Amino acid sequence: MRPALLILLSFSCAFLLCACSSFSYYRQLASGHFAVMGNATPLDKALETATPATADKLRLIQQARDFAEQELKLAASGSYESYVDLDRSYVVQNLYAAPEFSTDLKHWCYPLVGCAAYRGYFDESQLHREQLRLSREGFDTHKAPAIAYSTLGWFDDPVLNTFVALPDHQIVALIFHELAHQRLYLRGDTEFNESFATAIERAGLRAFYSNPDAPELKAYDAQLATSRRINALAQTTREDLAQFYRQNLPDADKRARKAALLAAASRVYAEIIGREIAPLNNASLGLINTYGGLVPGFEAILESVHGDVEEFAARVQSISRLDEIERHSCLHAWGDPDRPGQAKPQCWE
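Residues numbered from 1 in each chain as written. Predicted model: local features only at pLDDT ≥ 70, side-chain atom pairs only at ≥ 80, totals over all residues. Heavy atoms only, no water.

Asks: Any chance you could explain the overall build of the chain here in plain terms?
Replies: Each helix and strand in the chain was counted, giving 14 helices and 8 strands. A compact globule built from 349 residues should have a C-alpha radius of gyration of about 20 Å, and the chain, at 21 Å, falls within 12% of that. A buried classification covers 50% of the 349 residues belonging to the chain. Across the chain, the fraction of contacts at a sequence separation of at least 24, relative to all contacts at a separation of at least 6, is 71%. When the accessible surface of the chain is summed, it comes to about 16,800 Å², and 51% of that surface belongs to carbon and sulfur atoms. Here the chain contributes 34 positively and 44 negatively charged side chains, and the mean placements of these two sets differ by 5 Å. (Helix = DSSP H or I, 4+ residues; strand = E, 2+ residues; numbered from the N terminus. Rg over C-alpha atoms; globule rule 2.2 N^0.38 Å. Buried < 20%, exposed > 50% of the residue type's maximum accessible area, 1.4 Å probe, protein only. Contact = heavy atoms within 4.5 Å. Areas by Shrake-Rupley, 256 points an atom, 1.4 Å probe, with all protein chains shown as cover. Lys, Arg positive; Asp, Glu negative; His and termini not counted. Charge placed at Lys NZ, Arg CZ, Asp CG, Glu CD.)

Asks: It is not clear to me how the sheet that holds strand E7 (residues 140–146) should be interpreted in this structure. Could you clarify?
Replies: Whether parallel or antiparallel, the strands of a sheet pair through hydrogen bonds between backbone atoms. Pairing is antiparallel in the open sheet, where 3 strands are placed in the order E6-E3-E7. One side of each edge strand has no neighbouring strand; the edge strands of this open sheet are strand E6 (119–121) and E7. The sheet shows a mean angle of 25 degrees between the axes of neighbouring strands, direction not considered. Pairing analysis gives 3 bridges linking strand E3 (residues 92–98) to E6, with the strands arranged antiparallel. Residue Asn-94 lies in a different strand from E6, and its bridge partner there is Gly-120. With respect to the sheet, helix H5 (residues 124–136) is in contact with E3, E6 and E7, its orientation differing from that of E3 by roughly 5 degrees. (Pairing = 2+ DSSP bridges. Axes fitted to C-alpha atoms, helices over the stretch in contact; angles between N-to-C directions.)

Asks: Before we go on, may I ask you to explain helix H9 (residues 215–245) in this structure?
Replies: Every α-helix winds through 3.6 residues per turn, so residues three or four apart in the chain are directed the same way. An ideal rise of 1.5 Å per residue puts 45 Å on 31 residues; H9 measures up with 44 Å between its terminal C-alpha atoms. Those residues of H9 that fall on the buried side of the exposure criterion are Leu-217, Tyr-220, Leu-224, Ile-230, Leu-233, Ala-234, Thr-237, Arg-238, Leu-241, Phe-244 and Tyr-245. Close packing links the buried residues of H9 with helix H7 (168–183), helix H8 (190–208), helix H10 (251–273) and helix H11 (282–287). (Expected span 1.5 Å × (residues − 1).)

Asks: What's the story with the pairing of E3 in this structure? I'm lost.
Replies: The side chains of a regular strand alternate, residue by residue, between the two faces of the sheet. Among the 7 residues that make up E3, 7 are buried, leaving the element largely enclosed by the rest of the structure. In this sheet, E7 lies alongside E3 in antiparallel orientation, the contact comprising 7 bridges. Each residue of the ladder has a partner; that of Tyr-96, found in E7, is His-142.

Asks: Would you take a moment to explain the state of the cysteines for this structure?
Replies: Working definition: the covalent bond between the sulfur atoms of two cysteines is a disulfide. If you walk through the whole model with that rule in mind, you get 2 disulfides. For Cys-109, the disulfide goes to Cys-115, at an S-S distance of 1.7 Å. Negative torsions about the S-S bond denote left-handed disulfides, and the value of about 90 degrees found for Cys-109 with Cys-115 makes this one right-handed. In this structure Cys-109 comes out as exposed when scored by relative accessible area, which is 52%. Note on Cys-115: relative accessible area 27%, which makes it partly exposed. Here Cys-330 connects covalently by a disulfide to Cys-347, the sulfurs 2.1 Å from one another. Looking along the S-S bond of the Cys-330-Cys-347 disulfide, the torsion reads about 105 degrees, which is the right-handed sense. (Disulfide = S-S within 2.5 Å.)

Asks: I'm lost on unusual backbone geometry in this one. Help?
Replies: Leave glycine aside and you will find that most residues have negative phi; peptide bonds, for their part, are mostly trans. Positive phi values are uncommon outside glycine, yet Ser-77 reaches one of about 50 degrees. Within the element layout of this structure, Ser-77 appears in the loop between helix H4 (52–70) and strand E2 (82–84). Look at Ser-77 and you get partly exposed, because its relative accessible area is 49%. Backbone geometry at Tyr-80 places phi at a positive 60 degrees, although glycine is not the residue there. Within the secondary structure, Tyr-80 sits in the loop between H4 and E2.

Asks: Just to check I follow, could you spell out H7 for this structure?
Replies: Its 16 residues place the ends of H7 23 Å apart at the C-alpha level, agreeing with the 22 Å of an ideal helix rising 1.5 Å per residue. Within H7, 13 of the 16 residues are buried, which leaves it mostly tucked inside the rest of the structure.

Asks: Would you explain the pattern of salt bridges in this entry?
Replies: Close approach of charged atoms lets side chains of opposite charge pair. Applying the stated criterion across every chain yields a total of 15 salt bridges. The residue Glu-137 makes a salt bridge to Arg-133 at a minimum N-O spacing of 2.6 Å. What makes Arg-133 partly exposed here is its relative accessible area of 35%. Among the salt bridges present, the one from Lys-218 reaches Asp-213, with a minimum N-O distance of 4.0 Å. According to the relative accessible area criterion, Lys-218 is partly exposed, its value standing at 48%. (Salt bridge = Lys/Arg side-chain N within 4 Å of Asp/Glu carboxyl O.)

Asks: I'm lost on the environment of Ile-277 in this one. Help?
Replies: By the element assignment, Ile-277 lies in the loop between H10 and H11. On the basis of relative accessibility, which here comes to 22%, the residue Ile-277 falls in the partly exposed class. Sequence separation between Ile-277 and Ala-68 is 209 residues, and the spatial gap between their C-alpha atoms is 35 Å. Residues contacting Ile-277, with those up to four places away along its chain left out, are Ser-266 and Tyr-269.

Structure representation (structure tokens):
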């Protein structure tokens, strides 16, 4: 998951005179963000000194940005018109936490953007202290580097070296995904936001690579197939854990069964991706596929308007004005493969 808009919180926090610990957190967000922005170079100038491989990636990003504006109707504003080399492989690190006997992620709540199931850090020493504090309180924790983040158009998001080395299809997908967040973002409803952006990403990628036999699409489909296997594993493991977490068992017994289940899941996960991984815990397991459950609904609505992006956006905008229960119910109904087309609810004005 890529963090969105949390940089803005530093300003609201400063103006509201937050408690010292909160102010310290938001201050590191602001200083980290402005350190990134302060090193930005206009893309045209970066192209003059870039290696041939990097120059090809930068031109691809320009093409994806133009396509997003012209064909997907996603206003890029000033985003992805500059380049920053951070001299590291990630831009920020996210911290996730879950109780010892639950895979439900802890949520942190912020001004402006509502609550989110992660906390982003540029300052690794602060992240380490918060991770240690949560561990002492009995939480499972997981930290994950993020290769990009979005400010939802409040700032001109730059191209970062952290994602220009990705395969072409992943770069294009990332640009479409992040620009979709700028088109629509609901305060506090991460599942809606991420599912909408993912649906735009998938449809946009297939339009960008118009040949269905394009190698980029084949690579993307293979990536999706792997993700589905991982998601299925995570879902099954979460259900198995939840079943005995609810039982009236001694904590020692729960810990033993938890360790055995997570060790087995970790082995299968490693087999799926073909490399060793850090052992799964409640936090890392809870993170997998937490925010993609509404994607089928969005995709079905887009298909119902024959790929008309403007009509799709109008319908989604209308759905977004429903309360959270109603809009999720609508999208789940549209994403249900067993429900006949004429029974789909019309949830828009």
